[in-house]
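Spelled out from the first residue to the last, the chains are:
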Amino acid sequence: MPVSPRYRVTTQTTASRVSLVIALLLVVAAAAAPLFVSRGTVQDLFFILTMLVLAQFWNLLAGYAGLVSVGQQAFVGFGAYAMFAAVSLAGLDPVVAILVGGIAAVLLAIPTAFFVFRLEGAYFAIGTWVIAEVVRLVVAQWQTLGGGTGTSLPRSATRDMIGVEQLKDWLGLKSSAAGDVVTYWLALALAVATIAFIYRLLRSRRGLGLAAVRDDASAAGAVGVDGNRMKHLVYLVAAFGTGLCGALIYVQTARISPDAAFSVIDWTAYVIFIVVIGGIGTLEGPIIGVLVFFLLQNALADYGSWYLLVLGLIGIVVMLFAPRGIWGFISDRTGIELFPIRRRLVIDDDPQTPDTD
Amino acid sequence: MSLLRLDDVCKSYGTLKVTDHVTLEVAEGEALGIIGPNGAGKSTLFDLITGRVAVGSGTIAFAGADVTTRPATERCRMGLGRSFQIPRPFGRLTVFENLVVGAAFGAGRSESDVTGRCAEILRQTGLLERANTPAGQLPLLQRKRLELARALATDPKLLLLDEIAGGLTESECRSLVETIRAIHAGGTTIVWIEHVLHALTSVVDRLVVLDFGRIIADGKPDAVMASREVREIYLGIEV
């Protein structure tokens, strides 16, 4: 009697299992880093992690939903200002106020989505930039938070922040250094949560629908995928994560101004560079990209405006010779995926096994 | 019983009428063929039925419900499946994943329940061996088959096929016709736009001819093909 074939789906690969173990070890090592490294290194790691979070959310928008935003600085700045308001005006602890930053960014994203989702492609990109500029100009009128020149967090707020006292006692650090460790751990937690969340989203039914919309929105609609809803969801999620990250960055710096908090160079251009050279549309790309960006930034720190020219030149070279970025270049040649999303059909009890090219 | 009903449907782009007072009924279980010269408005008719393009005037009813203003996603979930004339695969997804999208969203099934169903459709459409290939890498015949397979994954009550045999070799065409015949025999209602007449007439039991957005003939394939007007307009034969 013939055996009817049994079908199953797998996403895991050997590389992904190994990378999961390595990733867990790296997270443990990163969590323990403040015990062994200097304060300067902790600040560098904080910078890498927060840029990684911003890059992952921009990648989710552009690489998976096809929404090329040039206005993510709106959510960084608005989240940061909301955190400042919650601390300075409402007396919240800065760590708690970071959540307020994320929520405020979503509240900003809801009305802005109404406008930008009427635009497509390059018009969408310009629309998001215009909105970011409008938000910057409005926030600069907020005199209670320093108007155009900005303001600082109250010293008492950063000194008494959750975890600072315990760290001072435990590690014998000064308040400012202990504050850096607290924000670093929060950045590490945010980066891990961001990658885990996006990976889970992409592996879910919604993630599959999102990929279909990215590849062909009209065909996706014909098979029941509501592309507009998917894109709205991603836009709001990216706004929340970007707002949280912006608030966290400004808890660490403890000083804010509209020009810095809504900087298109710092919070969008660099982020696009990271994603493009690392590999757009992959989770691995922003991780590679942020490390390359950090190394370049340090190597070129003494060369003034040449730094930006070299960054631009590298971006052009990568786009010409490795359009899928460094990770895409590696993955295309080796087939390695550290965060596999692809569902592979496997047939048991049947000699007819599908190809895997 | 009528599964699809178009009542006096019109669509214009500026002064160009692409659908001109079309009234059409498709019965449940029927296989209807649509032919007409290039630019006659055949694909536009599918776009109107599936909600990809909004009607100018008139009404469209499907499965007893007025769907004239309902979005394409909702019509798909109600059981309207379609293929595109120029294949539009989700290129970076695998062939199998293309079907999972249709089954999970179009048929509203849980992703964990669709594996066996999608694999069986792949087997039926001859794509099982390419299940894990990125759809963007498929050659034309397999892209056409994927169009059919993905539409089937949505569990359609009515399957709209748009020139699915175009560009295929004779043997590829024969094989595709066999697949479509089997799908129809399984109870799926079919409306098929096609220029490959021998393929079309070997499956359908009724033929409609469109010209300049108007229905100029409707009836049994033999009778329609024998019509003087059809032979002049569509086949270019002077009678």
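Residues numbered from 1 in each chain as written. Chains lettered and ligands numbered in written order. Predicted model: local features only at pLDDT ≥ 70, side-chain atom pairs only at ≥ 80, totals over all residues. Heavy atoms only, no water.

Colleague: Is there a simple way to think about the overall build of chain A in this case?
Modeller: When its secondary structure is counted, chain A shows 16 helices and four strands. In terms of C-alpha radius of gyration, chain A reaches 22 Å, essentially the compact-globule figure of 21 Å for 357 residues. In terms of overall dimensions, chain A has a C-alpha envelope of 80 × 50 × 40 Å along the principal axes. Per-residue burial for chain A yields a buried fraction of 50% across its 357 residues. Long-range contacts, defined as pairs at least 24 residues apart, comprise 77% of the intrachain contacts of chain A with a sequence gap of at least 6. (Helix = DSSP H or I, 4+ residues; strand = E, 2+ residues; numbered from the N terminus. Rg over C-alpha atoms; globule rule 2.2 N^0.38 Å. Buried < 20%, exposed > 50% of the residue type's maximum accessible area, 1.4 Å probe, protein only. Contact = heavy atoms within 4.5 Å.)

Colleague: Before we go on, may I ask you to explain the overall build of chain B in this structure?
Modeller: Helix and strand counts for chain B stand at nine helices and 10 strands. Scaling as 2.2 N^0.38, a compact globule of 239 residues should have a C-alpha radius of gyration of about 18 Å, and chain B matches this with 17 Å. Dimensions of chain B, computed from C-alpha atoms along their principal axes, come out at roughly 55 × 40 × 35 Å. Per-residue burial over chain B gives 57% buried out of 239 residues. Taking the contacts inside chain B whose residues are at least 6 apart along the sequence as the reference set, 65% of them involve residues at least 24 apart. With the model as given, the accessible surface of chain B reaches about 9,200 Å², and the carbon-plus-sulfur share is 50%. Taking the average place of the 27 positive charges on the side chains of chain B and the average place of its 29 negative ones, the gap between the two points comes to 4 Å. (Areas by Shrake-Rupley, 256 points an atom, 1.4 Å probe, with all protein chains shown as cover. Lys, Arg positive; Asp, Glu negative; His and termini not counted. Charge placed at Lys NZ, Arg CZ, Asp CG, Glu CD.)

Colleague: Explanation requested: the packing of helix α3 (residues 73-88) of chain A against helix α5 (residues 121-139) of chain A in the structure shown.
Modeller: Residue and element names in this part refer to chain A. Two elements in contact, α3 and α5, have axes separated by 8 Å at closest approach and are oriented at 25 degrees. When the interaxial angle is binned, α3 and α5 end up roughly parallel. Crossing angle aside, the handedness with which α3 passes α5 is left-handed. Contact residues: α3 offers Gln73, Ala74, Phe78 and Tyr81, while α5 offers Trp129, Ala132, Val135 and Val139. Counted by class, the contact of α3 with α5 contains seven nonpolar, one polar and no charged residues. (Axes fitted to C-alpha atoms, helices over the stretch in contact; angles between N-to-C directions. Parallel < 35°, antiparallel > 145°, perpendicular 65-115°, else oblique. Left-handed = near helix turned anticlockwise from the far one by under 90°. Nonpolar A, V, L, I, M, F, W, Y, C, P; charged D, E, K, R; others polar.)

Colleague: What is the right way to look at a positive patch on the surface in this model?
Modeller: A cluster of basic residues, A:Arg205, A:Arg206, A:Arg229 and B:Arg77, forms a positive patch at the surface. Checked against the element boundaries, A:Arg229 lands in helix α11 (residues 227-253). (Patch = residues over 30% accessible without salt bridge, like charges linked within 9 Å, V, L, I, M, F, W, Y side chains within 5 Å. Salt bridge = Lys/Arg side-chain N within 4 Å of Asp/Glu carboxyl O.)

Colleague: I'm lost on the pattern of salt bridges in this one. Help?
Modeller: Here the structure, examined in full by the defined rule, presents 27 salt bridges over all chains. A salt bridge links B:Arg88 to A:Asp216, with the shortest nitrogen-to-oxygen separation between them at 2.8 Å. In this pair, B:Arg88 is assigned in the loop between β6 (80-82) and α3 (95-106) and A:Asp216 in the loop between α9 (205-215) and α10 (217-222), connecting two distinct chains. With a relative accessible area of 23%, B:Arg88 lands in the partly exposed category. Linked through salt bridges whose partners overlap, the residues forming this network are B:Asp47, B:Arg52, B:Arg82 and B:Asp162.

Colleague: Which parts of the structure should I look at to understand the pairing of strand β4 (residues 344-348) of chain A?
Modeller: Consecutive residues of a regular strand have side chains that alternate between opposite faces of the sheet. Residues and elements named next belong to chain A. For β4, a buried count of four out of five residues is recorded, marking the element as mostly surrounded by other parts of the structure. Pairing of strand β1 (residues 6-10) with β4, which is carried by five bridges, proceeds in the antiparallel orientation. The residue of β4 that forms the bridge with Tyr7 is Ile347. (Pairing = 2+ DSSP bridges.)

Colleague: Explain helix α14 (residues 284-299) of chain A to me, please; I cannot follow it from the model alone.
Modeller: An α-helical turn contains 3.6 residues, so a residue and the one three or four places further along point in the same direction. All names here are of chain A. Its 16 residues place the ends of α14 23 Å apart at the C-alpha level, agreeing with the 22 Å of an ideal helix rising 1.5 Å per residue. Considered for burial, the residues of α14 that qualify are Glu284, Gly285, Pro286, Gly289, Val290, Phe293, Phe294 and Leu296. The elements touched by buried residues of α14 are α2 (39-65), α13 (264-278), α15 (306-321) and α16 (325-334). (Expected span 1.5 Å × (residues − 1).)

Colleague: Looking at this model, I keep getting lost on α15(A). Mind explaining?
Modeller: Residues and elements named next belong to chain A. Counted at 1.5 Å a residue, the expected span for α15 with its 16 residues is 22 Å, and the 22 Å between its end C-alpha atoms agrees. Within α15 the residues assigned to the buried category are Tyr307, Leu311, Gly315 and Val318. Projected onto a plane normal to the axis of α15, the buried residues spread over an arc of 75 degrees and lie on a single side. Relative to its buried face, α15 has exposed residues pointing more than 90 degrees away, namely Trp306, Leu309, Leu313, Leu320 and Phe321. Contact partners of the buried residues in α15: α13, α14 and α16. (Arc of directions from axis to C-beta.)

Colleague: For this particular structure, what's the right way to read the interface of chain A and chain B?
Modeller: The accessible area lost on association of the parts is a frequent measure of interface size. Of the residues lining the interface, 36 residues belong to chain A; the matching set on chain B comes to 39 residues. Both sides together, the interface formed by chain A and chain B hides about 3,200 Å², and carbon and sulfur atoms give 57% of it. When the buried area of chain A at its contact with chain B is split by residue, A:Tyr7, A:Arg205 and A:Val223 rank highest and sum to 20% of it. Remark: the boundary between chain A and chain B carries four salt bridges. Across the pair A:Arg343 and B:Glu111 runs a salt bridge, and its minimum N-O distance is 2.5 Å. On the surface where chain A and chain B come into contact, there are 13 residue pairs in polar contact (both at pLDDT 80 or more). Mapped onto the side of chain A that touches chain B, the elements with two or more residues apiece are β1, α9, α10 and β4 of chain A. (Buried area = accessible area lost by both parts, 1.4 Å probe. Polar contact = N/O pair within 3.5 Å; in protein donor to acceptor, adjacent residues only side chain to side chain.)

Colleague: Explain the sheet that holds strand β2 (residues 16-27) of chain B to me, please; I cannot follow it from the model alone.
Modeller: Adjacent strands of a sheet form backbone hydrogen bonds with each other and so pair up, either parallel or antiparallel. All names here are of chain B. The four strands are arranged β2-β1-β4-β5 in an open sheet whose pairing can be described as antiparallel. A single partner strand is all that each edge strand has here, and the edge strands are β2 and β5 (65-66). Looking at chain direction, strand β1 (residues 2-13) and β2 are connected through eight bridges and run antiparallel. When the sheet's bridge partners are listed, Leu4 is paired in β2 with Val26.

Colleague: Explain the domain arrangement of chain B here, please?
Modeller: All names here are of chain B. Its domain assignment divides chain B into domain 1 (1-79 + 157-239) and domain 2 (86-155). Spacing between the C-alpha centres of domain 1 and domain 2 amounts to 23 Å. Where domain 1 abuts domain 2, roughly 1,300 Å² becomes buried across the two surfaces, and 63% of that area is made up of carbon and sulfur atoms. Looking at the side of domain 1 facing domain 2, the largest losses of area belong to Ile164, Thr179 and Ile183, adding up to 29% of the total buried there. (Domains from an automatic or database assignment.)

Colleague: Just to check I follow, could you spell out the environment of A:Leu173 for this structure?
Modeller: All names here are of chain A. Relative to the assigned elements, Leu173 resides in the loop between α7 (164-171) and α8 (175-203). The exposure class assigned to Leu173 is partly exposed, which follows from its relative accessible area of 29%. With 143 residues separating them along the chain, Leu173 and Ile316 place their C-alpha atoms 44 Å apart.

Colleague: Honestly, the confidence of the model for chain A in this entry has me stumped. Any pointers?
Modeller: Scored by pLDDT, chain A comes out at a mean of 91, with 96% of its residues at no less than 70. Averaged pLDDT values for the elements of chain A fall to 84 in helix α6 (residues 155-159) of chain A and rise to 96 in helix α4 (residues 94-116) of chain A. (pLDDT = per-residue confidence, 0-100.)

Colleague: I'm lost on the packing of aromatic side chains in this one. Help?
Modeller: All names here are of chain A. In the structure shown here, the tally under the stated rule is 12 aromatic pairs over all chains. With a centroid separation of 6.5 Å and 45 degrees between ring planes, the pair formed by Phe47 and Phe294 is classed as tilted. Placement of Phe47 in helix α2 and of Phe294 in helix α14 is noted, with a sequence separation of 247 residues between them. Under the relative-accessibility criterion, Phe47 is labelled partly exposed at 24%. Taking the relative accessible area as the measure of exposure, Phe294 reaches 15% and is therefore buried. (Phe/Tyr/Trp six-rings, centres within 6.5 Å; stacked < 30°, edge-to-face > 60°.)

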